[in-house]
Amino acid sequence: KGIRYINAVSKTYRDKDGNSIRMVGIKWDVTEEKLREEQRKEWDDKYDLILNSTEIGGWDWDFRINKLTWNEIMYKLFEVAKGTEELYEEYEKKLHPEDKEKSAQYLEKIMIGELDSYESEFRIIQDNKSIKHIKSITNIEKDSSNNIIRIYGINLDITEQKELQVELLKAKEKAETANRAKSTFLANMSHEIRTPMNAILGFGEILQNNNMDERNKDYITGIINSGNSLLSLIYDILDFTNIEANKR
């Protein structure tokens, strides 16, 4: 046998002497509503436990009573004393000025029914003036008449991730700058070497054609062959620098 939850309202009628003469009352079954509320509380407790253990901020804005609640991590993220009443005002106070318009636009879209959920990123300014980056996931709950009854979500501190992205970008730019400098150096060096090498090969051929001594001709042939090998290497370097330049 299950337990039923009953709401009851009664009124007592009295005579002119104050004696009770009649009592009228009504009763109605609120079991389903009570069970839903208990189930929701159970899930909320589990939800808060998970968020607190994973350092994720959780918030819940109940439209039926116009009340915003935060879990412990939210208070830490925004550096707000636990028990503070005006939480939305504290959120707006910490919100970076450049992100306020975007936040207002999201709220407006929620109110006119354009969004059922969304993800966003925003920045908050700490008491020490440092910037903290927040990843937000928001969900909207509506009743059977499509009226908003609840907006809830999670906030995650992604400051370290953002800082790492900036450092990686700087490292990438530094590497690309070094690579460009390397390619420029190789191209310039190759051009500078190619000019005297062409002169050496030209004079070598002249000497080879005008020298009748077979031993000297063998030496000159060795110079010419080595020069051609070096010139081929120079052209390979130039081709490589051109390929690198086209990649950027």
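Up top you'll find the structure we're talking about.
Only a predicted model underlies this, so the values are computations on that prediction, with no experimental measurement involved.

Novice: Could you give me a rundown of the overall build of the protein, with the residues and numbers involved?
Specialist: Tallying secondary structure elements over the protein gives six helices and seven strands in all. Across the 248 residues that make up the protein, the buried fraction comes to 26%. Expressed as a percentage of contacts within the protein between residues at least 6 apart in sequence, the contacts between residues at least 24 apart total 43%. Accessible surface, the protein as shown: approximately 17900 Å² in total, 53% of it carbon and sulfur.

Novice: Tell me what's going on with the packing of aromatic side chains, and back it up with residues and numbers.
Specialist: One pass over the full model with this rule turns up eight aromatic pairs. Between the aromatic rings of Y88 and Y91, the centroid separation amounts to 5.6 Å while the plane-to-plane angle is 40°, which identifies the pairing as tilted. Here Y91 and Y88 lie together in helix α3 (residues 87-94), a separation of three residues that amounts to about one turn. Their ring planes at 85° and their centres at 5.8 Å tell us that Y91 and F122 sit as a pair that is edge-to-face. Of the two residues, Y91 is situated in helix α3 and F122 in strand β5 (residues 117-125); the sequence distance between them amounts to 31 residues. Ring pairing ties together the aromatic residues W61, F63, W70, Y75, F78, Y88, Y91 and F122, which thus form one cluster. The positively charged end of R150 is found above the aromatic ring belonging to Y152, 4.1 Å away from the centroid.

Novice: How would you sum up a negative patch on the surface? Please name residues and give values.
Specialist: Residues E85, E86, E89 and E92 make up a contiguous surface patch of negative charge. Locating E92 in the fold gives a position in helix α3.

Calculation notes
- Residues numbered from 1 in each chain as written.
- Predicted model: local features only at pLDDT ≥ 70, side-chain atom pairs only at ≥ 80, totals over all residues.
- Heavy atoms only, no water.
- Helix = DSSP H or I, 4+ residues; strand = E, 2+ residues; numbered from the N terminus.
- Buried < 20%, exposed > 50% of the residue type's maximum accessible area, 1.4 Å probe, protein only.
- Contact = heavy atoms within 4.5 Å.
- Areas by Shrake-Rupley, 256 points an atom, 1.4 Å probe, with all protein chains shown as cover.
- Phe/Tyr/Trp six-rings, centres within 6.5 Å; stacked < 30°, edge-to-face > 60°.
- Lys NZ or Arg CZ within 6 Å of the ring centre and 35° of its normal.
- Patch = residues over 30% accessible without salt bridge, like charges linked within 9 Å, V, L, I, M, F, W, Y side chains within 5 Å.
- Salt bridge = Lys/Arg side-chain N within 4 Å of Asp/Glu carboxyl O.
- Lys, Arg positive; Asp, Glu negative; His and termini not counted.
- Charge placed at Lys NZ, Arg CZ, Asp CG, Glu CD.

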